[in-house]
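Tertiary structure, described
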Amino acid sequence: MNLDQALLTFIAECRELLEDVETTLLSVEQSADRNEAVNAIFRAAHTIKGSAGLFGLDHVVEFTHVVESVLDEVRDGRIALAEELVALLLSCCDHIGGLVDAIAAGQLEADAEMTRRGEPLTGQLRVYLGTPVAAAVASTAAQTQTSAKPLAEGAVAGANWHISLRFGPDVMRNGMDPLSFIRYLSTLGSIAGIVTVGEAIPAADEMDAESCYLGFEIAFASDAQQAAIENVFEFVREDCRICVIAPHSPIGAYLELIEQLPGDNQTTGAMLVQCGTLTAAELAAGLHPRPAPAAAIVTDAALPLQAAEAQKPGKEAKSQESRSIRVDADKLDQLINLVGELVIAGARTDLLARRMRNAELHECASTLANLVEEVRDSALQLRMVKIGATFSRFQRVVHDVARELGKDIVLTVSGEDTELDKTVVEKIADPLTHLVRNSMDHGIEPAEVRAARGKPVRGTVSLNAYHDSGTIVIEVSDDGGGLNREKILAKAAERGLIAAGQALSDSEVYGLIFEPGFSTAEKITNLSGRGVGMDVVKRNITALRGTVGISSRPGAGTTVTVRLPLTLAIIDGFLVSVGDSTFVVPLDMIEECVEFSAESGHEYTNLRGQVLPFIRLREFLEIEGGPAAESRHRESIVVIKYAGRKAGLVVDALLGEFQTVIKPLGRMFSQVSCISGSTILGSGEVALILDVPALVGAVEAAGGAPQKMLKAA
Amino acid sequence: MSTPTQALRIEGEMTIYRAAELKQQMQPLFDAAGSGGIDSIDLSGVTEIDCSGVQLLLLARRNADAAGRALRLAVPSAAVAEVFALLNLGALAAPAA
């Protein structure tokens, strides 16, 4: 029984569909082809309803049905998709999302709380429908019967669809009950006649009680499209035989069905008569002129094939849709781990080859190294996703928050194609949401103030992303009032964060707002301003080995810059040594390496006319022993760069590039600053990975004076 | 019939989760040799029924008809009645005409 598996798929699909609906709803106003957008929303709602029906999630079906009815009216142009309706539909999406979350948490039935939350929404939706939903359903059912087309020659008189179902043996084992399909089918119309076919049940001794042997012949009154009816059975179309025949089809279509079905033609035909699809006369006229085919019995093996054929048009569309496949994230992680081990093993081979001085082996090892590098890049690429999907979610946030605040704010997005690691994307969404809300609440001034300042009344919040030296930079900016330096200083002094009269640079002052419990909002809204949040944002980003900075211009706006590592797994590193220890510096963050020189008596050097502060890694990390005599005068400076700032690291020797698999440090070492992880070298030794952002900070802290000079330079 | 007639009472859910167990329980009904005097199935205690339950009942009905035995499906519970109505299985409750 893998009911859980199917349910998980349902949950994942629902969430994706809801996201799509949301995006479409938000863009519907600008959308060139509105009909297409409305259709897309309708289809998504319909699919959710359908799938929920299959799992017997009645509360979801009930609610989605009302939504769908309204959308149907919109589609037919009877209701305009105005702003209020968009907002209402968005709330409905949230409610469905809430129901799906509850299902994911194992709650398959509605509880009082959910019903209470859903009721106001359905109430509002029904206002659009104008009639109670029950009446609306009845009227569509009535419509069905009247929409008779002129009959083609040879067509049968029956106005019903005919659905022939033969379920595969494993349907129930796969967690699906054929009954639920039939129950769900009846939401699309009414079952005019049904015959349950139990002939395929074998003798008691051979019968497996967990296999499904049932089939159904159904006459179905509905004005739904063929595709909609076929979609009811989407979940079982793989292992079932499904045949849907449209009303008034030529008698030939039914005869073909009768011949294909296992069992005696007369008996099968009688079933079609019994459920009201054919009249006895039609059947007799159809069956007799044709000699009965010799082999009308379809073997089990042929079943899936036939089903596949019957569903061909649907299948083809499907294969075009699914050019991407869903892979369990754990599998991907495992792959990355293996690639990591491969890289380490490769490095070891390379080292051995070099030691043995065997030219052929060396060549072989370097080919291998190239391949490993490519495999590593492609494996990492698998986890890279575009940030656009995350950004587009913020359209909704901005839409909602703007309504709540009563401000006119628009979101502009750029750099959507910038890629970053999936694990990073997932973790960055919350901090970004907070930053965006904060910008809207505190950053953008009320319309009157904006007008008075001569700015456009409509405020703008922008999200931007780009790559910069091995990191991804995400900027959240607004064109609001900017930060008030004096107010922050006053508040910080009041909270005892700084001493009165302490001289601070702008960026230091602005950085204060990331301190716990800091808020300068004059009025506290339920969005932000309670002083919780910015510190959490900073903590979350730091946990991802990222940094956050802020810049602001009074009256012109604020930009929060978040920098994150591109990946959390494998990087290109550069090996340096100090004494007997080896360290890895992320290659992307290295500007250049220069010979050691220093302004006498100072901890900085002259790099082509610019002041470069440095730290001696030996002293900084308290490594024992002096440099070997011969390397005494051959120390080097590795120039590292982070967030536009440069610093130097003094090391004994440069050992070259190295593919580095990041192994996180144990919790014991979590307090160690300036070390971000460890890795294993080809020789089996452990090397520590230097935390460049922290080192740059340390260099600046160590050399207060040079920092100022650097700024001036 | 010399043996006293008796009813087989089924309690709880008649679903895939208990299908194998139910088949065991209903085994007398499937034996060609004789049903051990069972001439009715009491469905009043069935809380839920799915297709696995339905096909067991269909099988019991088929075997009884083939052996010329009487079999009554007595007092269907609401859950059973609903499914019978949905699948138009009213005839299942009574012997074939």
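What you see is a predicted model, and the numbers here were worked out from it, not measured in a lab. (Residues numbered from 1 in each chain as written. Chains lettered and ligands numbered in written order. Predicted model: local features only at pLDDT ≥ 70, side-chain atom pairs only at ≥ 80, totals over all residues.)

Across its full length, chain A carries 24 helices and 21 strands. The buried share of chain A, taken over its 713 residues, is 34%. A separation threshold of at least 6 residues defines the contact pool for chain A, and within that pool the share at least 24 residues apart is 71%. (Helix = DSSP H or I, 4+ residues; strand = E, 2+ residues; numbered from the N terminus. Buried ≥ 20, exposed ≤ 12 C-beta atoms within 10 Å, placed from the backbone. Contact = placed C-beta atoms within 7 Å.)

Within chain B, the regular secondary structure consists of four helices and three strands. When the helices and strands of chain B are read in sequence order from the N terminus, they spell out β-α-α-β-α-β-α. Here chain B, with 97 residues, has 36% of them falling under the buried criterion.

A separate point is the interface of chain A and chain B. Taken together, the contacts link 18 residues of chain A with 20 residues of chain B. Breaking the side of chain A that touches chain B down by element, the ones donating at least two residues are α7 (178-185) and β2 (190-197) of chain A. Counting residues per element, the side of chain A that touches chain B draws most heavily on α7 of chain A, which supplies four residues. Looking at the side of chain A that touches chain B, its residues break down into 13 nonpolar, two polar and three charged. (Nonpolar A, V, L, I, M, F, W, Y, C, P; charged D, E, K, R; others polar.)

Further remarks concern the sheet that holds strand β18 (residues 645-651) of chain A. All names here are of chain A. Pairing within the open sheet is mixed, and its five strands lie in the order β14-β17-β18-β16-β15. Bordering the open sheet on either side are β14 (590-595) and β15 (604-607), each of which pairs with just one other strand. Strand-to-strand twist in this sheet, taken as the mean axis angle between neighbours without regard to direction, amounts to 35°. When β15 meets strand β16 (residues 610-616), the two strands line up antiparallel, connected through four bridges. Within β16, the position partnered with Thr605 by the bridge is Leu612. (Pairing = 2+ DSSP bridges. Axes fitted to C-alpha atoms, helices over the stretch in contact; angles between N-to-C directions.)

Residue and element names in this part refer to chain A. If you trace the five strands from one edge of the open sheet to the other, you get β6-β8-β9-β11-β10, paired in mixed fashion. Sheet topology places β6 (409-414) and β10 (547-553) at the edges, where each strand pairs with a single neighbour. Taking each pair of neighbouring strands and ignoring which way they run, the sheet shows an average axis angle of 15°. Two elements, strand β8 (residues 459-468) and strand β9 (residues 471-478), share eight bridges in a ladder whose sense is antiparallel.

Now for helix α2 (residues 34-54) of chain A. Residues and elements named next belong to chain A. A rise of 1.5 Å per residue sets the reference length of α2, with its 21 residues, at 30 Å; its end C-alpha atoms lie 31 Å apart and thus fit the reference within 8%. Restricting attention to buried positions, one finds in α2 the residues Val38, Ile41, Ala44, Ala45, His46, Ile48, Lys49, Gly50, Ser51, Ala52, Gly53 and Leu54. With its phi angle positive at about 70°, Gly56 sits one or two positions after the end of α2. (Expected span 1.5 Å × (residues − 1).)

With that settled, the discussion passes to unusual backbone geometry. Excluding glycine, residues mostly carry a negative phi; peptide bonds, for their part, are mostly trans. Backbone geometry places Glu622 of chain A, a non-glycine residue, at a positive phi of 55°. Inspection of the secondary structure assignment puts Glu622 of chain A in the loop between α22 (617-620) and β17 (636-642). Accessibility expressed as a C-beta count within 10 Å gives 6 for Glu622 of chain A, which makes it exposed. Despite not being glycine, Asn88 of chain B shows a phi value in the positive range, around 55°.

Glancing now at the packing of helix α4 (residues 83-104) of chain A against helix α5 (residues 112-129) of chain A. Residue and element names in this part refer to chain A. It is at 10 Å that the axes of α4 and α5 come closest, and there the two elements cross at 150°. Relative to α5, α4 is oriented roughly antiparallel. Crossing angle aside, the handedness with which α4 passes α5 is left-handed. Contacts between α4 and α5 involve Leu85, Leu88, Ser91, Cys92, His95, Leu99 and Ala102 from the former and Met114, Arg117, Gly118, Leu121, Gln124, Leu125 and Tyr128 from the latter. (Parallel < 35°, antiparallel > 145°, perpendicular 65-115°, else oblique. Left-handed = near helix turned anticlockwise from the far one by under 90°.)

Before going further, it helps to examine the environment of Leu351 of chain A. Along the chain, Leu351 of chain A falls in helix α14 (residues 329-356). For the pair formed by Leu351 of chain A and Leu681 of chain A, sequence separation is 330 residues and the distance between their alpha carbons is 9.5 Å.

So, about the confidence of the model for chain B. Residue and element names in this part refer to chain B. For chain B, the mean per-residue pLDDT works out to 80, and 85% of the residues sit at or above 70. Of all the helices and strands in chain B, strand β3 (residues 72-74) carries the lowest mean pLDDT, 81, while helix α1 (residues 19-25) carries the highest, 87. With a pTM of 0.47, the predicted complex shows an ipTM of 0.87. (pLDDT = per-residue confidence, 0-100.)

Residue and element names in this part refer to chain A. With 18 residues, helix α3 (residues 58-75) should cover 26 Å at 1.5 Å per step; its first-to-last C-alpha distance of 25 Å lies within 8% of that length. By the burial criterion, the buried members of α3 are Val60, Val61, Phe63, Thr64, Val66, Val67, Glu68, Ser69, Val70, Leu71 and Val74. Residue Gly77 follows α3 closely and has a positive phi angle near 80°.

The subject of this paragraph is the packing of helix α16 (residues 388-405) of chain A against helix α17 (residues 422-443) of chain A. All names here are of chain A. Relative orientation of the contacting elements α16 and α17 amounts to 30°, with a least axis distance of 10 Å. As judged from the angle between their axes, α16 and α17 are roughly parallel. As α16 packs across α17, the resulting crossing turns out to be right-handed. For the pair α16 and α17, the contacting residues are Thr390, Phe394, Val397, Val398, Val401, Ala402 and Leu405 in the first and Val425, Ala429, Thr433, Val436, Arg437, Met440 and Asp441 in the second. Considering only residue class, the contact of α16 with α17 consists of ten nonpolar, two polar and two charged.

Residue and element names in this part refer to chain A. Here Ile550 shows up in strand β10. Of the residues examined, Ile550 has 21 C-beta atoms within 10 Å and is grouped as buried. Here the alpha-carbon distance between Ile550 and Val509, two residues 41 residues apart in the chain, equals 9.7 Å. When residues no more than four places from it in sequence are discounted, the contact partners of Ile550 are Tyr510, Gly511, Thr558 and Val560.

Once that is clear, we can look at the pairing of strand β20 (residues 675-680) of chain A. Bridge count for β20 of chain A against strand β21 (residues 686-690) of chain A is five bridges, and the pairing is antiparallel. If you follow Ser678 of chain A over to β21 of chain A, its bridge partner there is Leu688 of chain A.

All names here are of chain A. Examined against the element boundaries, Arg645 turns out to sit in strand β18. Using a count of 16 C-beta atoms within 10 Å as the deciding quantity, one classes Arg645 as partly exposed. Considered as a pair, Arg645 and Gly697 are 52 residues apart in the sequence and their alpha carbons are 9.3 Å apart.

Quick look at the confidence of the model for chain A now. All names here are of chain A. Of the residues in chain A, 84% have a pLDDT of 70 or more, and the chain-wide mean is 77. Across residues 290-320 the pLDDT falls below 50, and counting only partners more than four positions away or on other chains, this stretch makes 24 contacts in the model. Of the regions scoring below 50 in pLDDT, residues 522-532 engages in 19 contacts with residues more than four places distant in sequence or in other chains.

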